[in-house]
Number of protein chains: 2
Amino acid sequence: MAVQTVATPSTPADTSSEGSTGSTGSTGTAPSAGTDAAVDLGPASGLTCRECGTLFPLGPIFACAECFGPLEVAYDLPEGDPEALRRTIESGPANIWRYAPLLPVPADVADKPNLNPGWTKLVQADNLARELGVEQGKLFVKDDSGNPTHSFKDRVVAQALEAARAFGFTTLSCSSTGNLAGAVGAAAARAGFRSCVFIPHDLEQGKVVMAAVYGGDLVGIEGTYDDVNRFCSELIGDPLGEGWGFVNVNLRPYYGEGSKTLAYEICEQLGWQLPDQLVVPIASGSQLTKIDKGLKELIKLGLVEDKPYKIFGAQATGCSPVAAAYKAGHDVVRPQKPDTIAKSLAIGNPADGPYVLDIARRTGGAVEDVDDAQIVDAIKLLARTEGIFAETAGGVTVGVTRKLIEAGLLDPSLTTVVLNTGDGLKTLDAVAPTSQATTTIRPSLDAFRAAGLAG
Amino acid sequence: MAVQTVATPSTPADTSSEGSTGSTGSTGTAPSAGTDAAVDLGPASGLTCRECGTLFPLGPIFACAECFGPLEVAYDLPEGDPEALRRTIESGPANIWRYAPLLPVPADVADKPNLNPGWTKLVQADNLARELGVEQGKLFVKDDSGNPTHSFKDRVVAQALEAARAFGFTTLSCSSTGNLAGAVGAAAARAGFRSCVFIPHDLEQGKVVMAAVYGGDLVGIEGTYDDVNRFCSELIGDPLGEGWGFVNVNLRPYYGEGSKTLAYEICEQLGWQLPDQLVVPIASGSQLTKIDKGLKELIKLGLVEDKPYKIFGAQATGCSPVAAAYKAGHDVVRPQKPDTIAKSLAIGNPADGPYVLDIARRTGGAVEDVDDAQIVDAIKLLARTEGIFAETAGGVTVGVTRKLIEAGLLDPSLTTVVLNTGDGLKTLDAVAPTSQATTTIRPSLDAFRAAGLAG
């Protein structure tokens, strides 16, 4: 089919800290990105504006040409026979491609070279439940540190990669200060794409290494993270950026759909049931909104029984614009300047903030935040109860879960799923000051006896 | 059944760098470890001496009371109906417990709290194959960085944990300088055991944090790693160590069996076929010998068709006692003082060295080594071709694979599986000097154009 590209080469920024911010302006796309050929992205039928509902053909665009609202993927989903669909999924691969019929990817996606993320463990967290006062058997941690580069970003990058393939892009790119850089570098390497990732020039040494090791180009930008993002937006609108897919900018509508797979997996792993409550971290807010979208799709398709569920959002106090708006009863989110150890969530002006507020209120959830000390405590709580070493973002969700229970907002007798979206090995500094040897002794039994650690 | 414990409280060291060394002397066990009750470890029927064949009842012992040879687990395996067994396995959980009928664990092991490691990806590595000159579709990387604490140690610790449960131990322990500490700390936390891990007092800060975060006791020992090991052996023989399971000492026979699951998974993931060639890292040599044991079991059970396979061992040149013995045509391994970046393989006096030599020669494999620069090159080769960021041990196997192909020892037309046993995030220092930003520029299109990275 011949599709029309809504191409408006222009410059304004749309990303921040690996997520979209509220300040859009461009509708995206490199001038010559090829969407004239038939684009096969499986059940994806087009892009639709979340504000005005205008429908656009599939292409590397991310904002509505009518109202500048964000675009999301629309589908022709395989309705009609939930049992058959369930069997198809269950006989699929142990990764996100088992849900290919519900994603913007071609049907043969599992045969293409990619990192095959997903199908991470849903851990029944009875030890943590005891500490939090949750009923035994009711608390679960969805542990996305099990992904190939150890964060949930592998899910979203895998979707963006398929879109990049479909649109004929040859370079995969992003701006990043952490998880996303590794996810893009690794996925591009495996899939045979060139990658070029942009980072602030003064990024911590460890993060530079994690991003550079996959052999793509890594460009330090002299300036702040905002400068990096502005530069990337310029590049997308310039002929220099021809053939470039920025996973979280011009491929953003596809990228975001990867988070739906968290909802699918959680329900399937619960035996095709909706959880009663979910605690989800908020950076741009995209993940939370896509999880809600995924749950609604499962209901519509008859894959799970319809029943109420509550979605709770979790932020770090040092970057809590959505929690602040929620508590104040506002519909709009007032930007903040981030100052928290939870850097993977540090988006001061989250693009999907208003949608998150709407979902939290509509489902009967809430948005709460915890400070840096509570984040550290929660990381260590999860580690010592379940043996899961979470990134700071996981400390945020576990800490918020505790706070919500104490406040009576989260019901400890209901099935609750808490997301851990990243790996503690990437944020060692957060726990280093309080994770040290118990004691140091001479190598003798007498010294050991004196230390009082026997028995 | 009443079983007799072969208890010889004594002191000599048996471990080094997380693995057993050649210098045994004690036959192990804390004086009062309870093996008088019926011990249910599934198909495990006893322990047998690998030297003199003497059979012992199941218990926390690790060396033969007759000849001081190492003990290994003997089984009553479910022979007779391979199809039924294959179906049982295939319908099992997506972790090592799908092989419970072949492991020293109770049948209901999957219901007990543990980290459920295994069933990691077997990645068809066509990009790497192209670089190494291996036929397309024939090269695979078994990527054990996907385990819960991101190394293969989760497999072996999970076995030791079940033995510890069966013997009534309440503390899980080990000496470690790296991967094992995290694996023990995490597994113990999840399973409700106390843990106490011993490390050299001057261990790098990052490794201390990774070991301490799970909340168990972490004891720094003033001295070298050898001092730590000597101390642990003393502790096992003393009443102070009562109720303590040292995963790699008095639980070593069970612990080692975890490596069999690598063989099982590789064959199942290849469609119940033996690979033609395997490249396995050598630390103590235990992993390689247990992989061979696992392959032989699959043949005996009729789960795979019998055919020749070659096992190649891989060492770092800076700690290559087995490779040196292999090349010199010796049957005995002469200890070395390790000096290599591949610290997880740095066992200078590997207990299973002679067995490794025997297997490499018997199967038509070889033992080869690569130096530190080649290890770094290989880590980066694997990262840029397949998006897999390996620990130094993975650099050793990939580097050795390349060397073996160049030497004509490994046939590039045959199905070859290369093991990556750990995660690059834990050995960032190895690649840091050569994994840096391509360039640093001002945030302007002109500066980007001048950098020559567009297109």
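Since the structure is predicted, the reported quantities are computational estimates derived from the model, not experimental observations.

### Quick look at the overall build of chain A
Helix and strand counts for chain A stand at 15 helices and 16 strands. A compact globule built from 455 residues should have a C-alpha radius of gyration of about 23 Å, and chain A, at 22 Å, falls within 12% of that. Across its three principal axes, chain A shows a C-alpha extent of roughly 80 × 50 × 45 Å. Counting over 455 residues, chain A shows a buried share of 64%. By sequence separation, contacts in chain A at least 24 residues apart represent 71% of the contacts at least 6 residues apart. Summing over all exposed atoms, chain A offers an accessible surface of approximately 14800 Å²; the carbon and sulfur share of this is 50%. One way to put it: in chain A the 37 positive side-chain charges average out to a point 4 Å from where the 54 negative ones average out.

### Things to note about the relation of the copies chain A and chain B
The transformation that overlays chain A on chain B combines an axial shift of 0.0 Å with a rotation of 180°, and the residual RMSD is 0.0 Å. What we have between these two chains is a two-fold relation. Residue Gly146 of chain A, judged by its C-alpha, is the member of chain A lying nearest the rotation axis, at 3.0 Å.

### Concerning the environment of Val304 of chain A
Positionally, Val304 of chain A belongs in the loop between helix 9 (286-300) and strand 13 (310-316). Along the backbone, Val304 of chain A and Leu410 of chain A are 106 residues apart, and their C-alpha atoms lie at a distance of 22 Å.

### With respect to the domain arrangement of chain A
All names here are of chain A. One can read the domain layout of chain A as domain 1 (15-78 + 153-255) and domain 2 (122-149 + 259-434). Computed from C-alpha atoms alone, the centre-to-centre distance between domain 1 and domain 2 is 25 Å. Here domain 1 meets domain 2 over a buried area of about 2200 Å², counting both sides, of which 43% is carbon and sulfur. Three residues stand out in domain 1 for area buried against domain 2, namely Arg50, Arg155 and Asn179, and they jointly supply 31% of the buried area on that side. If you look at where domain 1 meets domain 2, you find five salt bridges. Put simply, Asp144 and Arg155 hold a salt bridge, and the shortest N to O gap is 2.7 Å. Along the contact surface separating domain 1 from domain 2 lie twelve residue pairs in polar contact (both at pLDDT 80 or more). For the side of domain 1 that touches domain 2, the elements supplying multiple residues, two or more each, are strand 2 (19-20), strand 5 (71-75), helix 3 (153-166), helix 4 (179-191), helix 5 (205-212) and helix 7 (252-257). Per-element accounting of the side of domain 1 that touches domain 2 gives the leading share, four residues, to helix 4. Within the side of domain 1 that touches domain 2, the residues separate by chemical class into eleven nonpolar, nine polar and eight charged.

### Description of the confidence of the model for chain A
Residues and elements named next belong to chain A. Summary statistics for chain A give a mean pLDDT of 91 and a share of 92% for residues scoring 70 or more. Ignoring residues within four places in sequence, the model shows residues 19-26, a span with pLDDT below 50, making 36 contacts including any to other chains. Low pLDDT, under 50, characterises residues 28-36; the stretch is placed with 36 contacts to residues that sit more than four places away or in other chains.

### Concerning unusual backbone geometry
Glycine aside, negative phi is the norm for most residues, and most peptide bonds take the trans geometry. Residues and elements named next belong to chain A. In this structure, Phe68 takes a positive phi of about 65° despite not being glycine. Tracing the backbone through its elements, the reader meets Phe68 in the loop between strand 4 (55-56) and strand 5. Positive phi values are uncommon outside glycine, yet Trp272 reaches one of about 55°. Within the secondary structure, Trp272 is located in the loop between helix 8 (260-269) and strand 12 (277-281).

### What about the UniProt feature "domain: Tryptophan synthase beta chain-like PALP" (unreviewed entry) in chain A?
On the UniProt side, "domain: Tryptophan synthase beta chain-like PALP" (unreviewed entry) is annotated at positions that read residues 117-422 of chain A here. Taken as a whole, residues 117-422 of chain A contains 44% helix and 16% strand, while its terminal C-alpha atoms sit 13 Å from one another.

### Overview of the packing of aromatic side chains
Scanning all chains against the criterion turns up 22 aromatic pairs over all chains. For the ring pair Phe167 of chain A and Phe169 of chain A, a centre distance of 6.3 Å and an interplane angle of 80° mean the geometry is edge-to-face. Assessed through its relative accessible area of 3%, Phe167 of chain A is described here as buried. Every member of this aromatic cluster is reached through a ring pair, and the members are Phe198, Phe231, Trp244 and Phe246 of chain A together with Phe448 of chain B. Above the ring of Tyr355 of chain A, the side-chain terminus of Arg50 of chain A is found at 3.9 Å from the ring centroid. Above the ring of Tyr99 of chain B, the side-chain terminus of Arg98 of chain B is found at 6.0 Å from the ring centroid.

Conventions we followed
Residues numbered from 1 in each chain as written. Chains lettered and ligands numbered in written order. Predicted model: local features only at pLDDT ≥ 70, side-chain atom pairs only at ≥ 80, totals over all residues. Heavy atoms only, no water. Helix = DSSP H or I, 4+ residues; strand = E, 2+ residues; numbered from the N terminus. Rg over C-alpha atoms; globule rule 2.2 N^0.38 Å. Buried < 20%, exposed > 50% of the residue type's maximum accessible area, 1.4 Å probe, protein only. Contact = heavy atoms within 4.5 Å. Areas by Shrake-Rupley, 256 points an atom, 1.4 Å probe, with all protein chains shown as cover. Lys, Arg positive; Asp, Glu negative; His and termini not counted. Charge placed at Lys NZ, Arg CZ, Asp CG, Glu CD. Least-squares fit on C-alpha atoms with pLDDT ≥ 70 in both. Domains from an automatic or database assignment. Buried area = accessible area lost by both parts, 1.4 Å probe. Salt bridge = Lys/Arg side-chain N within 4 Å of Asp/Glu carboxyl O. Polar contact = N/O pair within 3.5 Å; in protein donor to acceptor, adjacent residues only side chain to side chain. Nonpolar A, V, L, I, M, F, W, Y, C, P; charged D, E, K, R; others polar. pLDDT = per-residue confidence, 0-100. UniProt positions renumbered as here; feature names shortened; annotations may be inferred. Phe/Tyr/Trp six-rings, centres within 6.5 Å; stacked < 30°, edge-to-face > 60°. Lys NZ or Arg CZ within 6 Å of the ring centre and 35° of its normal.

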